[in-house]
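Coordinates in review
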Amino acid sequence: MTAAERALLDVDIARYIEHLQHERQYSNHTLAAYRRDLTTFTASLDVGRWNAVRAAHVRSHVSALHRRGAATRSIQRALSCIRSFLAHLGRIGSVEANA
């Protein structure tokens, strides 16, 4: 993934975090955790756009978290965060709903 592609993915993450902060009123701790989870997920990707993300990417990321010894609750939160983020992108038309 190029730096330009990574920057575009980061912009989408920032917009999502802003949405959670202002419209959903998530706590600062939750926002920080979601930002960290999405940034870590993005770093594990070998694709440069959200439309190219598949279930295999998510499974691979979750497996990597497990291998690193992440707590079960942290893995569950990361998975929930990724699902919510991709669903949000689907709702706003940035990706296909069940891609």
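Data block above holds the structure.
These notes cover the structure that comes with them. All of these numbers come straight from a predicted model, not from anything done at the bench.

**Focus: the packing of helix H2 (residues 28–44) against helix H3 (residues 55–67)**
Contact geometry of H2 with H3 gives a least axis separation of 10 Å together with a crossing angle of 110°. With respect to each other, H2 and H3 are oriented roughly perpendicular. Judged by the sense of rotation from one axis to the other, the crossing of H2 with H3 is right-handed. Of H3, the residues touching H2 (which contributes Asp37, Thr40, Phe41 and Ser44) are His57, Val58 and His61. Each residue belonging to the contact of H2 with H3 can be placed in one class, and the counts come to two nonpolar, four polar and one charged.

**Remarks on helix H4 (residues 72–91)**
Quick reminder: α-helices carry 3.6 residues per turn. Residues three or four places apart thus point the same way. The first and last C-alpha atoms of H4 sit 28 Å apart over 20 residues, in line with the 28 Å expected at 1.5 Å per residue. Ile75, Ala78, Cys81, Ile82, Phe85, His88 and Leu89 are the residues of H4 that are buried. When H4 is viewed along its axis, its buried side chains cluster within an angular range of 155° and face the same direction. Away from its buried face, by an angle of more than 90 degrees, H4 presents the exposed residues Thr72, Arg73, Arg83 and Arg91. Close packing links the buried residues of H4 with helix H1 (3–22), H2 and H3. Phi for Gly93, located one or two positions after H4, is positive at around 85°.

**A closer look at the packing of H1 against H2**
Axis angle and axis distance: for two packed helices, these are the angle between their axes and the distance between the axes, and together they describe the pair. Relative to each other, H1 and H2 sit at 160°, their axes nearing to 10 Å. Between H1 and H2, the crossing angle belongs to the class labelled roughly antiparallel. Handedness of the crossing formed by H1 with H2: right-handed. When H1 is examined against H2, the residues Arg6, Leu9, Asp10, Ile13, Tyr16, Ile17, Leu20 and Gln21 are found in contact with a partner set consisting of Leu31, Tyr34, Arg35, Leu38, Thr39, Thr42 and Ala43. Of the residues contributing to the contact of H1 with H2, the split by class is nine nonpolar, three polar and three charged.

Rules used throughout
Residues numbered from 1 in each chain as written. Predicted model: local features only at pLDDT ≥ 70, side-chain atom pairs only at ≥ 80, totals over all residues. Heavy atoms only, no water. Axes fitted to C-alpha atoms, helices over the stretch in contact; angles between N-to-C directions. Helix = DSSP H or I, 4+ residues; strand = E, 2+ residues; numbered from the N terminus. Parallel < 35°, antiparallel > 145°, perpendicular 65-115°, else oblique. Left-handed = near helix turned anticlockwise from the far one by under 90°. Contact = heavy atoms within 4.5 Å. Nonpolar A, V, L, I, M, F, W, Y, C, P; charged D, E, K, R; others polar. Expected span 1.5 Å × (residues − 1). Buried < 20%, exposed > 50% of the residue type's maximum accessible area, 1.4 Å probe, protein only. Arc of directions from axis to C-beta.

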